[in-house]
Amino acid sequence: MGTACPARDTNDNENTKGDAQMGHRCHLPCRPAATPLAAPLAKPLAAALALLLGTASVPALAQVAPATAQGGTAADTGEPLEEIIVTGTSIRGIQAPSSAVSTVTRDDIVATGSTTATELLRSLPQVGNFNSTGSNTGFGQANFVDQPAIHGVGVGNGGGGLTLVLFDGLRLPGAGINQTAPDPSAIPVSALERVEVIADGASSIYGSDAVAGVINFIPRRNYDGAETHLQAGFGNSYDTQNFSQLFGKTWDGGSILLDYEHSGNSELKPSSRSYMSDNATSKGWGDNRVQNCPVANVTAGGVTYGLTATGALKAGQPNKCEGRLDDDLYPDQHRDQGLISIRQAITDGIELFANEIYSRRVMTTRMSSTSAQASPNNSGFSVTVPGSSPYYVAVPGLGGGNETVTYYPGGSFLNHTTTSTQVANVGADIDLTHGWQGKVVGNFGFERDDVRQNGLNQTLATDLAAAGTLNPTGIGAANSPAVTSALRDYQTRYSGEQFLEEGLFKADGPLFDLPGGTIKAAVGADIRHERFAASNSVGPTNPASWLTASEAAVSSFSSIGERDVKSVFGELSVPIVGEDNAVPGIRAVNLSLATRYDSYSDVGDTTNPKVGLTYTPFDGLTLRGSFGSSFHAPSLADAGTAIDTRAIRFSDFVSFDPNKYSIILAGGNKLKPETADTYSAGFDYKPKELPGLKVSSSYFRIDYYNVITFPTFNPVTQPQNPVYDAYRVYNPTLAQALALTNGFRHDGNFDLSAQLPTAIYDLRRQNFADEFIQGVDFDISYGWDAGRVGAFTAGLAGTWLWQFDQKVKGATSINTLLNTDYAIDFKARASLMWTLDAYTAGVFVNYTNGYSNASTGGLGVQKVDSFTTADLHLAWNVPGQGMMGGIQATLDVNNVFDTDPPYYYNTNGISGVDLTAASPLGRVISIGLTKKW
């Protein structure tokens, strides 16, 4: 498209390898710089936009990527630069951001050695899973996506994320069964040009979800040639693979880009890490070894006896074993992904484009017999053995009454997750009039997820034990293969389909001139339809012919949730002081205004404004600040139609009578939107006296209201705390019980007319609390040319949280989450890069501060140590011509010193590592080869 060509900043020499890669080329020749909108059109637009309350944008300088020797951008074709729109604004060419934008360039991406987009985000201190593997690994759960969470805001708070994830400025479909946040790993890393991160509220631009900020994955464009990449990584009991093939072609007025990528990694077992154990007594903590062991435990007369291999009983000495060492710490994963991107100018002022992403991921997770699900009734791996059973173990002094025996079904179970993601968008960039440009886009996304979790048929085990045909003791006669096979044939299956259909139109351009420059504006409208269909089935997959109807029964359930969203939005960029009216001490002042109105078919309407201001007192220093409101519409995975919405039969927590029960309501709910007031202030310093130095810092504050999360288990465990009275009813009447459970499917057998529960606890997602968050992001870098020695760049970036408080609705006190595993106060990454001719080397140091772990089962507060790792990147552009030209060899070493993660005590699973704050992968050495054709 013909556009005005911005001047290149020739003084910004230090950007030639970093920020320089943020731009792209346009296809058609430059046209003269646009004149402001004609008066007849300017007046009504100006009047409408004058009503805007809110702010603007977070732009960055638009520059062009350097050309490569073989294959690369069209930089050497003499085509002009196109003004681009960066994350956080709809206006092209804004030069003064009111909120900071962090950019991960193509060179940065290569230097991390990342094989997936999720791994790439773990190199950013601002993102919650920095320097860790993340906890949503598909183990025993229907969610398998680590939601990117800027500053950790929104982690675990229901099914939707508070960090908006975009691909080339457009939304992606959600992923998962109990969540609707998109999966960044669906985007092939080989297709990325850069990633832009804005750590500030941006609902005034993008609408829902942009509370903590926005992460925008931007693809490569205008690539001429081909690029082949091979990479293999090796660690202790862990390996990775990556292959990609990219093809690109540009021509007069158009381009095409094709990319295919395959990546994978092996599983990581706890048994391969010496620090992993269920027994933490050597560390001064508890013994959480399980009692489901190959040789059983027998409970009779209120006493538990450990059974020996000879049949002897040990009163009060139950058998314990390391049952969770077979649980995968990290799952086996394999991905196949592709991208197709086509652009074609059909006239001098209209360019058509189409993009499609496809991704398929297969994940296999091994789960020990101890951890695998035993369903229904939420009972454990134990059975009741009558005195008439040939496998009854007589306890001296007791009659032949029933006894409870733990049962170990032997071996581990494999869970399988398959995901399929498709995103397609088609549209046009259109030159309008008087320098205005329009964009119309149709965006379509589809995600299909299938999760299969295997476990034990507890109904069958109970029946066989009662009939005397199951030996649960682990000694004596072994159970027949037919019985064992039937017992292990039990599967919980979740299937989910998420749909996104979106139509977007926006236009931007100049309005009129002020002494400080030209006022620019953007307006737009967006319509969107979201749909989430899910199903669940539980039971045998291939029941034996001899099973009874109840033993072979398969229960199933399905749900559908959908909504429509209609939005309008607008922006203004007002240069109050510019080059023509600058005075000493006031070189530039720019005001940005934005607002967006969203109307939801299910949760109502919302308007979110934002105001931003930048001030340049002298060349090289820019001060900036912003204030705005943001919101998050409740996820369809949190609505009452959510697939996990159910009434669960649970143990009696009132009188602890084994003959009584309670009910827990779980899953989705009718919720209000989450809202936030966001504030930011900061500066960018690039002194001309010291070229190569950049110092940037941003203060942020988020006042976050109506937080959607679970009320934890506190309504059950804190009966005297009045804060939780709203979430429980003790000794309900039949009318109360029927009303509270009306419409809920039953998870576990209970008959209200036959026996009432002692209590009903509402542990569904709730608008449970408010949160108050403050902190500072910083980024310092300095690049210098050391002549014959080479060029160096040193950098330090990080996040320092000052406050992370939570106030539960109805409570008078405030819970401080800062310095816990939920909100670690300090994370940073230091870097030193060196380049000389064909050689590049980089060293990175990643630091996560220590924190407190209070979830120790009443054993005190654990002080978890800090976690520091070092990474190495080496690259060599191999000399050669023809077939031997354009080759780059890389060596990446993550965690060079093979540093173990800090010890973490876990009462709910195996202890040794906190996957949300550290990584158990250890040293991983990756060798890569890239050929540009």
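The coordinates are above.
Quick summary incoming for the structure in this document. (Residues numbered from 1 in each chain as written. Predicted model: local features only at pLDDT ≥ 70, side-chain atom pairs only at ≥ 80, totals over all residues. Heavy atoms only, no water.)

### Quick notes on empty space enclosed by the protein
Going through the model one piece at a time under the given rule, you end up with 11 cavities of 30 Å³ or more. Here the second largest cavity is characterised by a volume of approximately 550 Å³. Around the second largest cavity, the lining is made up of 32 residues, and of these Glu119, Ser132, Asp871, Asn894 and Leu921 lie nearest the centre. Among the secondary structure elements, those contributing two or more residues to the lining of the second largest cavity are helix H2 (106-112), strand E7 (238-251), strand E36 (839-848), strand E39 (867-878), strand E40 (887-894) and strand E41 (924-932). (1 Å grid on protein atoms, 1.4 Å probe; cavity = no way out; pocket = protein on both sides within 12 Å on 5 of 7 lines; lining within 4 Å. Points joined across faces, edges and corners; volume = space filled by probe spheres on them. Helix = DSSP H or I, 4+ residues; strand = E, 2+ residues; numbered from the N terminus.)

### Considerations on the pairing of strand E16 (residues 403-406)
Consecutive side chains of a regular strand alternate in pointing toward one face of the sheet and then the other. In the sheet, strand E9 (residues 297-300) pairs with E16 via 2 bridges, with the strands oriented antiparallel. When the bridges of E16 are listed, valine 298 appears paired with valine 405. Note: strand E15 (residues 382-385) against E16, 4 bridges, orientation antiparallel. What sits directly across from serine 382, in E16, is threonine 406. (Pairing = 2+ DSSP bridges.)

### Considerations on the state of the cysteines
Formally, a disulfide is one covalent bond, and it connects the sulfur atom of one cysteine to the sulfur atom of another. Inspection of the entire model under this criterion finds 1 disulfide. Disulfide pairing is shown between cysteine 293 and cysteine 321; the S-S distance is 2.4 Å. Here the disulfide of cysteine 293 and cysteine 321 is left-handed, its torsion about the S-S bond being about -105 degrees. Separated by 28 residues along the polypeptide, cysteine 293 in the loop between strand E8 (254-265) and E9 and cysteine 321 in the loop between strand E11 (313-315) and strand E12 (332-347) bring together distant segments of the chain. Residues cysteine 293 and cysteine 321 agree in their burial class; the two are buried. (Disulfide = S-S within 2.5 Å. Buried < 20%, exposed > 50% of the residue type's maximum accessible area, 1.4 Å probe, protein only.)

### Let's talk about helix H6 (residues 481-488)
Spacing of three or four residues puts side chains on the same side of an α-helix, whose turn is 3.6 residues. Every buried residue belonging to H6 is among Val483, Ala486 and Leu487, and all of these are buried. Down the axis of H6, the sector holding all buried residues measures 100 degrees, keeping them to one side. Against strand E18 (437-457) and helix H5 (458-467) lie the buried residues of H6. (Arc of directions from axis to C-beta. Contact = heavy atoms within 4.5 Å.)

### Here we look at the nonpolar core
In this structure, Val153, Val195, Ile215, Phe217 and Phe804 are the most contacted members of the largest nonpolar core, which totals 41 residues. For this core, the elements supplying multiple residues, two or more each, are helix H3 (117-121), strand E2 (163-167), strand E4 (192-198), strand E5 (213-219), strand E28 (693-709) and strand E33 (791-808). For phenylalanine 217, the residues in contact, after removing those within four places along its chain, are Ala117, Leu121, Val165, Leu166, Phe167, Asp168, Pro184, Ile187, Leu192, Arg194 and Val195. Grouped together as the second largest cluster of nonpolar side chains are 21 residues, Ala296, Val383, Val385 and Val393 included. (Core = buried A, V, L, I, M, F, W, Y, C linked by side-chain atoms within 4.5 Å.)

### Topic: H5
What H5 keeps buried is the set Gln458, Leu460, Ala461, Leu464 and Ala465. Take H5 and look down its axis: the buried residues cluster within an arc of 155 degrees, on one side only. Where H5 begins, one side-chain oxygen reaches toward the backbone nitrogen of threonine 459, 3.3 Å away; that side chain belongs to asparagine 457. Glycine 468 occupies a position one or two residues after H5 and carries a positive phi of about 80 degrees. (Polar contact = N/O pair within 3.5 Å; in protein donor to acceptor, adjacent residues only side chain to side chain.)

### Examining the packing of aromatic side chains
Summed over the entire model, instances satisfying the criterion amount to 23 aromatic pairs. Ring centres of phenylalanine 826 and tyrosine 847 lie 6.1 Å apart, and the angle between their planes is 55 degrees; this geometry places the pair in the tilted category. Residue phenylalanine 826 is located in strand E35 (residues 826-836), and its partner tyrosine 847 is located in strand E36; the two are separated by 21 residues in the primary sequence. Accessibility expressed as a relative area gives 24% for phenylalanine 826, which makes it partly exposed. Three or more aromatic residues joined by ring pairs form one cluster here, namely Phe650, Phe653, Phe713, Tyr730 and Tyr761. The positively charged end of arginine 488 is found above the aromatic ring belonging to phenylalanine 413, 4.1 Å away from the centroid. Here arginine 649 stacks its cationic end above the ring of tyrosine 661, 4.6 Å away from the centre of that ring. (Phe/Tyr/Trp six-rings, centres within 6.5 Å; stacked < 30°, edge-to-face > 60°. Lys NZ or Arg CZ within 6 Å of the ring centre and 35° of its normal.)

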